[in-house]
Amino acid sequence: MKVEELLLWGGVVVVVGGLAYFYITKNGIPTLPGIGGGGNGAGGGTGNGGGGTTPSPGKPTYTFDYKFGSKGSGNGQFLDPHDVSFDKAGNVFIPDRGRSDVQVFTHDGKFIKKFGGPGKGPVQFNVPYSTAHDPNDNFYVSDRNNNRLQKLTPAGAFIKQITTAGGKSLNRPEDLAFDFTNGDYYVTDTGNNRILKFDKADKFLLQWGSKGNGNGKFDHPHSIDVGPDRNVYVACGPIVPIQKFDGTGKFIKQWGTEGNGQGQLRSFLEHMDIDQFGRLHIINNDIRPIVNVYDLNGNWLTQYGNVKKGSADGQFSEPEHVTCDSAGKPFVVDSGNFRIKVFKPY
């Protein structure tokens, strides 16, 4: 198998058997699922979901792989799980709004540790909503009802909190996403109907948005991610179109219509994730609990899950977040079933 690489900004184009694949780099190391059996580590170490079959760069098919979790307050159990984030070793970090903590699991779902608890102090949470790791593996939590972001070390120790930006206090921030090419990150300051941009040193850079339903306006901006094109994608809960911006907040386009047809969306929209192949996964609401998958121009590719809620392996009940590992496997927070469900692409 011939593998050729062409380094680009924030990524690498890999040519395998005449087909070109784009992979995002993290700290200068490309994530290459299915090539060399590795993960994020050089030499094929224990990366995020390492090994396995490389998914098609076109229209994939997703099938159920495995699940973990159950209802309860014990280790490895959930009351209201809400997001998934991966560290460099592929460990899985899951904030729980009901427990007010974060639990850490191995990639296959074995409990490792937990940290946090209810409160307003350092490493305490009041509705820990979304999580993300930066290029240095520091861990950020949108501590929604405390109106702040908390920045923690990879081990879960407190570094700092961010409570203001652009001369205004944060108001129920719900999501954040990193541009791994330079460490900048974007935050949905949901209660203020704006998007915030910070640099890797947590310096506030710019903001955009105001309340409304036109281009560049928001009504409850609920989900955000950065694509391999470095553009920023935003979804509002009660408004169906997904909006696309450049890194300065300039509006590019929007797509999506509300309905039950193929490729349509139903509000309230839940969260999205863009995998390293440039495919945007977004969760519908619980009326039609599926995950729709689009390319970054808004063309619908496929869906997974079932249009009817349920507890079977391929069904969801109140799905909240989806995050793809470096092998392209979506980890779906199936909150109503108190589980994380993992799918594999073909």
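Everything that follows concerns the structure shown earlier in this document.
Residues numbered from 1 in each chain as written. Predicted model: local features only at pLDDT ≥ 70, side-chain atom pairs only at ≥ 80, totals over all residues. Heavy atoms only, no water.

**Description of the overall build of the protein**
A count of helical and extended segments in the protein gives 0 helices and 30 strands. By residue count, 57% of the 346 residues in the protein fall in the buried class. Contacts in the protein between residues at least 24 apart in sequence constitute 45% of all its contacts with a sequence separation of at least 6. Taken as a whole, the protein presents about 12900 Å² of accessible surface, with 49% of it coming from carbon and sulfur. (Helix = DSSP H or I, 4+ residues; strand = E, 2+ residues; numbered from the N terminus. Buried < 20%, exposed > 50% of the residue type's maximum accessible area, 1.4 Å probe, protein only. Contact = heavy atoms within 4.5 Å. Areas by Shrake-Rupley, 256 points an atom, 1.4 Å probe, with all protein chains shown as cover.)

**Looking at the pattern of salt bridges**
Applying the stated criterion to the full structure yields 18 salt bridges. As a salt-bridge pair, Arg148 and Asp143 come within 2.7 Å of each other at their nearest N and O atoms. When sorted by exposure, Arg148 lands in the same class as Asp143, which is buried. Among the salt bridges present, the one from Lys244 reaches Asp229, with a minimum N-O distance of 4.0 Å. Placement of Lys244 in strand 22 (residues 242–245) and of Asp229 in the loop between strand 20 (221–226) and strand 21 (232–236) is noted, with a sequence separation of 15 residues between them. Its relative accessible area of 7% is what places Lys244 among the buried residues. Salt bridges sharing common partners tie together Asp80, Arg97 and Glu320. (Salt bridge = Lys/Arg side-chain N within 4 Å of Asp/Glu carboxyl O.)

**Some remarks on the packing of aromatic side chains**
Evaluation of the coordinates by the stated rule reveals 23 aromatic pairs. On the basis of an interplanar angle of 90° and a centroid distance of 6.3 Å, the ring pair of Tyr66 and Phe331 is categorised as edge-to-face. A residue pair is termed long-range when its members are at least 10 positions apart, and Tyr66 in strand 5 (residues 62–68) and Phe331 in strand 29 (residues 330–334) qualify at 265 residues. Both residues of the pair, Tyr66 and Phe331, belong to the buried class. Relative to Phe111, the ring of Phe105 has its centre 6.1 Å away and its plane inclined at 80°; by these criteria the two rings are edge-to-face. Judged by relative accessible area, Phe105 falls into the buried class, the value being 1%. Grouping aromatic residues by their ring pairs yields a cluster made of Tyr140, Phe178, Phe180, Tyr185, Phe198 and Phe204. (Phe/Tyr/Trp six-rings, centres within 6.5 Å; stacked < 30°, edge-to-face > 60°.)

**Some thoughts on the sheet that holds strand 8 (residues 101–105)**
Ordered by their spatial adjacency, 4 strands build an open sheet running 6-7-8-9, and the pairing between neighbours is antiparallel. A single partner strand is all that each edge strand has here, and the edge strands are strand 6 (85–86) and strand 9 (111–116). Relative to strand 8, strand 7 (residues 92–96) runs antiparallel, the two sharing 5 bridges. What sits directly across from Phe93, in strand 8, is Val104. (Pairing = 2+ DSSP bridges.)

**Some thoughts on the pairing of strand 27 (residues 300–305)**
The pairing of strand 26 (residues 290–295) with strand 27 spans 5 bridges and is antiparallel. If you follow Val291 over to strand 27, its bridge partner there is Tyr304. Between the antiparallel neighbours strand 26 and strand 27 lie 4 residues, among them Gly298 with a positive phi of about 90°.

**Examining the pairing of strand 28 (residues 319–324)**
Of all 6 residues making up strand 28, 6 are buried, and the element is well covered by its neighbours. Pairing of strand 28 with strand 29 involves 4 bridges; the strand directions are antiparallel. Each bridged residue has a counterpart across the sheet, and for Val322 the counterpart in strand 29 is Val332. Between strand 28 and the antiparallel strand that follows it, strand 29, lie 5 residues; Gly328 among them carries a positive phi value of about 80°.

**Things to note about the sheet that holds strand 12 (residues 148–152)**
Across the sheet, 4 strands lie side by side as 10-11-12-13; this open sheet has antiparallel pairing. A single partner strand is all that each edge strand has here, and the edge strands are strand 10 (128–133) and strand 13 (158–162). Neighbour to neighbour, the strand axes of the sheet diverge by 20° on average, direction disregarded. Of the strand pairs in this sheet, strand 12 and strand 13 are connected by 4 bridges, and their pairing is antiparallel. Pairing of Lys151 across the sheet is with Lys160, part of strand 13. (Axes fitted to C-alpha atoms, helices over the stretch in contact; angles between N-to-C directions.)

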